[in-house]
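# Structural features, examined
Each chain, letter by letter, is given below.
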Amino acid sequence: MSDQFKQEAAERAAEDVTEGMRLGIGTGSTAEFFVQALAKRVAGGLNIVGVPTSERTRDLATELGIKLTTLDEMPQLDLTVDGADEFDPELALIKGGGGALLREKIVAAASERMIVIADGSKEVDALGRFPLPIEVVPFGLEATRRAIVTVLSDLGLPDVLVLRGGASQPFVTDGGHFILDAHLEKISDVKALATRLVAIPGVVEHGLFIDLATKAYVAGTDGVKTVLPI
Ligand SMILES: O=C(CO)[C@H](O)[C@H](O)COP(=O)(O)O
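Just so it is clear, the structure is predicted and the values come from calculations on it, not from any experiment.

## Focus: the sheet that holds strand β5 (residues 93-94)
A sheet is described by the order of its strands in space; here three strands give the open sequence β4-β5-β11, paired in antiparallel fashion. At either end of the open sheet lies a strand with only one pairing partner, and these are β4 (86-87) and β11 (208-209). Note: β5 against β11, two bridges, orientation antiparallel. If you follow L93 over to β11, its bridge partner there is F209.

The following block contains the structure:
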């Protein structure tokens, strides 16, 4: 069922793509439905250029005949369409479940608008049930981990950090970094946490996307609803 909802949200977002758009293309299972829907429109004659947010998305989009470029060639984008692991009423997001948060955030920040596509299970009152991905440099991992723990303790949050993939075979991002997943349950002050995390030298980026999403298409049993930030 969730796959069907993801597909419905993705297909709705594909309808918003117009001729000549410079488009950021997200990563994950919902974004893959979007790539498929977009490819159908491209096959029907729509002319757009995309910037993929991961190697995985690049491979799929290339295979399906979508014209791609890089953010260096095309540094300003009209629209990014991407999935999310959670979104709150302000359309603050947790992203990075698929490990692509760094490129996803760079691409979203370079876009005039960002549409989130999701099934209804991603909608929450407060972020944090989904573990927050924190992308870190492998060098000095333990020192960075301790610095993150200090921040979490200062903010009254649980300090449970899990190295994605485990110590013997850590997950490596497209940028060559590791991910620490922070199990926070409920983040009361999203902005304070974001500010403190980026100030840690070994932290490359975190999965909190604040003031980036401009609209969400959320699919459920009642169809696809449009959510705007409150
Ligand atoms: O942030 C992401 C990848 O880094 C994805 O957008 C997020 O994990 C949602 O994935 P899915 O659409 O598979 O549920």
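After presenting the structure, the write-up continues.
## Considering the UniProt feature "active site" (unreviewed entry) in the chain
Following the UniProt record, one finds the feature "active site" (unreviewed entry) at E104. Here E104 lies in helix α4 (residues 101-109). Its 32 C-beta neighbours within 10 Å are what place E104 among the buried residues. Residues contacting E104, with those up to four places away along its chain left out, are G26, T27, T53, D82 and K95.

## Observations concerning the site of the ligand
Contacts to the ligand come from 18 residues, most closely from G28, T30, G83, G97 and G98. The set of elements that each furnish at least two residues to the shell around the ligand consists of α2 (29-43) and α4. When residues of the shell around the ligand are assigned to their parent elements, the largest contribution, three residues, is made by α2. Its residues placed into classes, the shell around the ligand shows four nonpolar, 10 polar and four charged.

## As for the sheet that holds strand β1 (residues 22-25)
Taking strand neighbours across the sheet as the criterion, the six strands line up as β2-β1-β3-β6-β12-β13 in an open arrangement whose pairing is mixed. Taken across any chain shown, the strands that pair with only one partner, and hence form the sheet edges, are β2 (49-52) and β13 (223-227). When the angles between neighbouring strand axes are averaged without regard to direction, this sheet yields 20 degrees. On the sheet, helix α3 (residues 55-63) packs against β1 and β2 and is oriented at approximately 150 degrees with respect to β2.

## Points about the domain arrangement of the chain
Each assigned domain of the chain is listed here: domain 1 (2-124 + 210-221) and domain 2 (132-206). Here domain 1 and domain 2 have C-alpha centroids that lie 25 Å from each other. Each side of the interface is counted separately: domain 1 has 13 residues, and domain 2 has 13 residues. The dominant element in the side of domain 1 that touches domain 2, judged by the number of residues it contributes, is α4, at four residues. Residues that form the side of domain 1 that touches domain 2 fall into these classes: six nonpolar, four polar and three charged.

## With respect to the nonpolar core
Grouped together as the largest cluster of nonpolar side chains are 65 residues, with contacts concentrated most on F34, V116 and I117. In terms of residues, this core owes the most to one element, α2, which gives six residues. Two domains each provide a minimum of three residues to this core, namely domain 1 (2-124 + 210-221) and domain 2 (132-206). In contact with I117, not counting residues within four places along its chain, are A9, A10, A13, T30, F34, V81, G83 and Y217.

How each quantity is defined
Residues numbered from 1 in each chain as written. Predicted model: local features only at pLDDT ≥ 70, side-chain atom pairs only at ≥ 80, totals over all residues. Pairing = 2+ DSSP bridges. Helix = DSSP H or I, 4+ residues; strand = E, 2+ residues; numbered from the N terminus. UniProt positions renumbered as here; feature names shortened; annotations may be inferred. Buried ≥ 20, exposed ≤ 12 C-beta atoms within 10 Å, placed from the backbone. Contact = placed C-beta atoms within 7 Å. Near = placed C-beta within 6 Å. Nonpolar A, V, L, I, M, F, W, Y, C, P; charged D, E, K, R; others polar. Axes fitted to C-alpha atoms, helices over the stretch in contact; angles between N-to-C directions. Domains from an automatic or database assignment. Core = buried A, V, L, I, M, F, W, Y, C linked by C-beta atoms within 7 Å.

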